[in-house]
Amino acid sequence: MVSIYPPRAADLSKPIDKRIYKGTQPTCHDFNHLTATAESVSLLVGFSAGQVQLIDPIKKETSKLFNEERLIDKSRVTCVKWVPGSESLFLVSHASGNMYLYNVEHTCGTTAPHYQLLKQGENYSVHTCKSKSTRNPLLKWTVGEGALNEFAFSPDGKFLACVSQDGFLRVFNFDAVELHGTMKSYFGGLLCVCWSPDGKYIVAGGEDDLVTVWSFLDCRVIARGHGHKSWVSVVAFDHYTTSVEESDPMEFSGSDEDFQDQMIHFGRDRANSTQSRLSKRNSTDSRPVSVTYRFGSVGQDTQLCLWDLTEDILFPHLPLSRTRTHTNVMNATSPPAGATIITNTSSNTTNGNNSGANTPGINSLSTTLPRSNSLPHSASTTTTANNANKAGSGGGIGSGIMDSAIATGVSKFATLSLHDRKERHHEKDHKRNHSMGHISSKSSDKLNLLTKTKTDPAKTLGTLLCPRMEDVPLLEPLICKKIAHERLTVLIFLEDCLVTACQEGFICTWARPGKVGLLSSQNQASSPSGTVV
């Protein structure tokens, strides 16, 4: 069933359009924001049987159905998106591992398409449709092994990031049909992917329970985040709190309430210019710049996690432009909310697939990695190789004082208490074997048990494709909160709220600070009373 609702100010008990399907289920959808008006909107819906439907829920005109006879692909549609800047082109991925480029103006034909090779590379190939007249699909991409779970266009629309069941992130130059770079998950498939607002970083999540941050410019993993207890199903950047400070360092004083008021006001003022200011930042700037990328993730563990990617991780060789300490009020026996990092590194000499990219300084990492959400290292924090192995099992948790990122997170998201994410830490184990709790120094042995693909996962561990746990900073979430009873499937950041949805069918809106009254006065599909982030 597909239901399309009006804006929150309208009555959400009366959808604009409602369609019930028999024999197949909707799996994904995408609106064309380029052509949307108050009188018309183009909506693509993908289905479990492989078809894609184009509908206009406002005009309710006769819809178009692509791959109707399933001659192009019979497998489930995993992701569908309009090509940025186009009124008619859209891209569809399937569980078969194939992607197809369609034009809404063209038909799909009455026979199975024939293809001819256009371009081929490592674990991918692109074919054009061979026919006397132009027909769909225009292009067929075959990417990796197994299902192609999700893809995302870069903010400028020039690049395409794909994540597959074989555990690889592959980034393509979409127009040139060329591979830009790759990354491998710690283990298992990758399920979700998103771009930072400036297009410089990609975050992916999947069956290793981690969120992995990959640098587009350097084509390497720069951090991993550990907070989920099960597969990560959605990752998304918060464009409204991601920030760049190009002014003098801010000084905060006064009570926590005053600090919260300052941060809320400051965050709103900078939201609209975030992307343009981010684009100005590059590694050659001599002037200190404070950078914070905020992103979130939801998973099959029913938890929402919020993360901060700060300059001590992004630019480890530059001094921090500002520091704000906040006393750790958590139990001393529990790992602090924002602390962690692993300090010992190993030299990597095996290069990943970085075609078309310059990767200065990535063949050897610094011997001391920055701590995530913590004060800089003391002299005693350098560890031996044995301690690094312990850290690889998730035990490298720092302690002491949390820095400005944690203080900011506590202020802006006060109602999601930090200790909630730790209170069930020692309860029943992960319901699957794929969890961080099972990662140890014998990770390579476990990887050998996985299904073999063309690229042996055990051989990628410890390379630039998949650094070991001790080789990159390990982030911990600012907030980690159970918000549903079933697996979470949607996370969207809006200016005044967050939107989540779960497999049980509930769509929830979560008000940002200062927006509670606004949301509570409007009708919503479903919203937990009094719960604010």
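Residues numbered from 1 in each chain as written. Predicted model: local features only at pLDDT ≥ 70, side-chain atom pairs only at ≥ 80, totals over all residues. Heavy atoms only, no water.

An unreviewed UniProt entry lists the protein under the name WD repeat domain 20, from Seriola lalandi dorsalis.

This part covers the sheet that holds strand β16 (residues 178-184). If you trace the four strands from one edge of the open sheet to the other, you get β13-β14-β15-β16, paired in antiparallel fashion. Edge positions in the sheet fall to β13 (148-153) and β16, since each of these pairs with one other strand and no more. If you compare each strand with its neighbour and ignore which way they point, the axes differ by 20 degrees on average. As judged from the six bridges shared by strand β15 (residues 168-173) and β16, these two strands associate in the antiparallel manner. Residue pairing across strands places Asn173 opposite Glu178, the latter belonging to β16. (Pairing = 2+ DSSP bridges. Helix = DSSP H or I, 4+ residues; strand = E, 2+ residues; numbered from the N terminus. Axes fitted to C-alpha atoms, helices over the stretch in contact; angles between N-to-C directions.)

Right, let's get into the packing of aromatic side chains. Under the counting rule described, the total for this entry stands at 17 aromatic pairs. Summarising the aromatic geometry, the rings of Phe90 and Tyr102 are spaced 5.1 Å apart at their centres and angled 0 degrees between planes, so their arrangement reads as stacked. With Phe90 in strand β8 (residues 89-94) and Tyr102 in strand β9 (residues 98-103), this pair connects stretches of sequence that are twelve residues apart. Residue classification places Phe90 among the buried positions, given a relative accessible area of 0%. Between Trp141 and Phe174, the ring centres sit 6.0 Å apart and the planes meet at 5 degrees, which makes this aromatic pair stacked. Pair noted here: Trp141 is in strand β12 (residues 139-143) and Phe174 is in the loop between β15 and β16, with a separation of 33 residues, a long-range link. Across the pair, Phe174 and Trp141 agree in class, each one buried. Three or more aromatic residues joined by ring pairs make a cluster, and in this case those are Tyr124, Trp141, Phe151, Phe153, Phe172 and Phe174. In this arrangement the basic side chain of Lys184 is found over the ring face of Phe168, its NZ or CZ atom lying 6.0 Å from the centre. (Phe/Tyr/Trp six-rings, centres within 6.5 Å; stacked < 30°, edge-to-face > 60°. Buried < 20%, exposed > 50% of the residue type's maximum accessible area, 1.4 Å probe, protein only. Lys NZ or Arg CZ within 6 Å of the ring centre and 35° of its normal.)

The subject of this paragraph is the side chain of Glu311. Inspection of the secondary structure puts Glu311 in helix α3 (residues 311-314). A relative accessible area of 9% means that Glu311 is categorised as buried. Looking at Glu311, its side chain comes within polar contact range of the main-chain nitrogen of Val291, at 2.9 Å. (Polar contact = N/O pair within 3.5 Å; in protein donor to acceptor, adjacent residues only side chain to side chain.)

Moving on, we get to the nonpolar core. Core analysis: the largest hydrophobic core is formed by 22 residues, its most contacted members being Val203, Val213, Phe295, Leu309 and Leu314. Setting aside anything within four residues of it in sequence, one finds Leu314 in contact with Tyr201, Ile222, Val291, Tyr293 and Leu309. Cys79, Leu101, Tyr124 and Phe172 belong to the second-largest nonpolar core, a separate cluster that totals 19 residues. (Core = buried A, V, L, I, M, F, W, Y, C linked by side-chain atoms within 4.5 Å. Contact = heavy atoms within 4.5 Å.)

With that settled, consider the state of the cysteines. What makes a disulfide is a covalent bond joining the sulfur atoms belonging to two cysteines. Counted under the stated rule, the structure contains zero disulfides. For the unlinked cysteine Cys108, the closest cysteine sulfur is that of Cys129, found at 9.5 Å. In this model Cys194 remains outside any disulfide bridge; the closest cysteine sulfur is found in Cys192, 7.6 Å from its own. (Disulfide = S-S within 2.5 Å.)

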